[in-house]
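So you can see what is in the structure, the chains are spelled out below.
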Amino acid sequence: MAGNTYGKPASLSTYYRCPHNWSSPKHAADHPDHPRTVQAPELLLDQIVGRFFATRIFGPDRAALIAAQLPATDAAAAADRDAQHAALNARIARIETAQNSKILELEELPADPDDPANQAYRARIRARFAELHDERERLETELKALAKTTPAAADTSLLDQLPLAGDVLPRLSPRLKARLFQVFDVSVLWNKPAQQATVNAEITETTLRYLAAIMDPSQDGFHDTHPDQPEPVWDLTNTPRMCRVPHP
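Just so it is clear, the model here is predicted, and its values are computed rather than measured.

What about the nonpolar core?
Residues F53, F58, L180 and F184 are the most contacted members of the largest nonpolar core, which totals 22 residues. Mapped onto this core, the elements with two or more residues apiece are α2 (42-57), α6 (174-183) and α7 (205-214). Examining the composition of this core, we find that five residues originate from one element, α2, more than from any other. Residues in contact with F184, not counting those within four places in the same chain, are F53, I57, F58, L162, A201, E202, I203, T207 and L211. If you look at the next biggest cluster of nonpolar residues, it comprises seven residues, including L88, L139, L143 and L146.

Comments concerning the packing of aromatic side chains
Counted by the stated rule, this structure contains six aromatic pairs. Measuring from centroid to centroid gives 5.3 Å for F53 and F184, while their planes differ by 85°, and the two rings are edge-to-face. One end of the pair, F53, is in helix α2; the other, F184, is in the loop between α6 and β4 (187-191), with 131 residues separating them in the sequence. Across the pair, F184 and F53 agree in class, each one buried. The interplanar angle of 85° and the centroid separation of 6.1 Å between the aromatic rings of F58 and F184 together place this pair among those described as edge-to-face. With a gap of 126 residues between them, F58 in the loop between α2 and α3 (62-67) and F184 in the loop between α6 and β4 connect regions that are remote in the sequence. For the residue pair F58 and F184, the accessibility class agrees, reading buried in each case. An aromatic cluster is defined as three or more aromatic residues linked by ring pairs; in this entry it consists of F52, F53, F58, F181 and F184. R36 extends its terminal NZ or CZ atom over the ring of W22, reaching a point 3.7 Å from the ring centre.

Analysis parameters
Positions within a chain are numbered from 1, following the residues in the order the chain's sequence is written. In keeping with the model being predicted, local features are shown solely for residues with a pLDDT of at least 70 and side-chain atom pairs are shown and tallied solely at 80 or more, while totals for entire chains, interfaces and linings include all residues. Values shown for side chains rest on all heavy atoms present in the structure; no hydrogens or waters enter the calculation. Here, nonpolar core means buried Ala, Val, Leu, Ile, Met, Phe, Trp, Tyr and Cys residues that are tied together by side-chain atoms lying within 4.5 Å of each other. The cut-offs for exposure are 20% and 50% of the maximum accessible area for each residue type, with area from a 1.4 Å probe on protein chains only; residues under the lower value are buried, those over the upper are exposed, and the others partly exposed. Only DSSP runs of H or I with at least four residues qualify as helices, and only runs of E with at least two residues qualify as strands; both kinds are numbered from the N terminus onward. It only takes one pair of heavy atoms within 4.5 Å for two residues to be counted as in contact. Aromatic pairs are defined between Phe, Tyr and Trp rings, using the six-membered ring for Trp, whenever the two ring centres lie within 6.5 Å; interplanar angles under 30 degrees are classed as stacked, those over 60 as edge-to-face, and all others as tilted. As a reminder, the over-ring test applies to NZ of lysine and CZ of arginine, requiring each to be within 6 Å of the ring centre and within 35 degrees of the ring normal.

Next up, the structure:
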């Protein structure tokens with residue numbers, strides 16, 4: 001999805017919109033169930049991502065929240081990997097069926113070089129076959145990578161090294177906020193039918209290395225007097241310790 005801004009300069013609204021074109025025959029054929037328009041308001045997504053960071057990244061209950069989502073044992077991790085393996089194989093099998101269908105369809109078409117519609121139809125069948133081939137190669141690559149992984153319980157030790165900063169996004173300039181999203185490799189999956197946004201973030205040693213600079217209250221663009229956050233942001237080398245309460 002890509003950003004689109006509408007309205008007059010005094011009242012601009014930005015939406016993230018899917019590039020699917022309902023009037024394109026190719027788009028309609030490839031995604032027949034796709035809604036005519038899929039777009040999500042940036043303001044709403046910003047609020048969702050803000051809550052995500054305030055609770056699951058910089059909140060006091062983050063450990064309990066992530067423990068409820070990630071596999072706590074090696075057996076649970078193995079079950080997750082097996083489920084992913086089965087899903088990938090099922091999709092590859094459907095692609096195989098679709099490719100065979102395209103080949104059969106192409107074979108049954110009469111070879112008439114003087115018929116423009118016939119030639120266009122052949123070209124579209126070949127194009128769709130190529131798309132399926134590319135998807136299959138990507139899935140098979142994922143399958144090989146999955147086979148090399150060793151299922152193990154989630155290690156959340158990096159999470160404990162993050163500061164308890166709470167709702168930090170309102171205190172960051174657009175530049176710093178973009179940088180924060182970058183170091184956490186943030187992605188948002190928007191599900192229009194369910195009206196649901198799924199936010200993903202990844203914490204690595206690189207994240208910890210750059211985070212201190214992003215959240216330095218002394219730099220330009222950082223507002224450490226936000227009314228909801230009276231306490232200063234601690235440096236990563238001096239993370240505050242708190243009593244942990246089990247999260248229901």
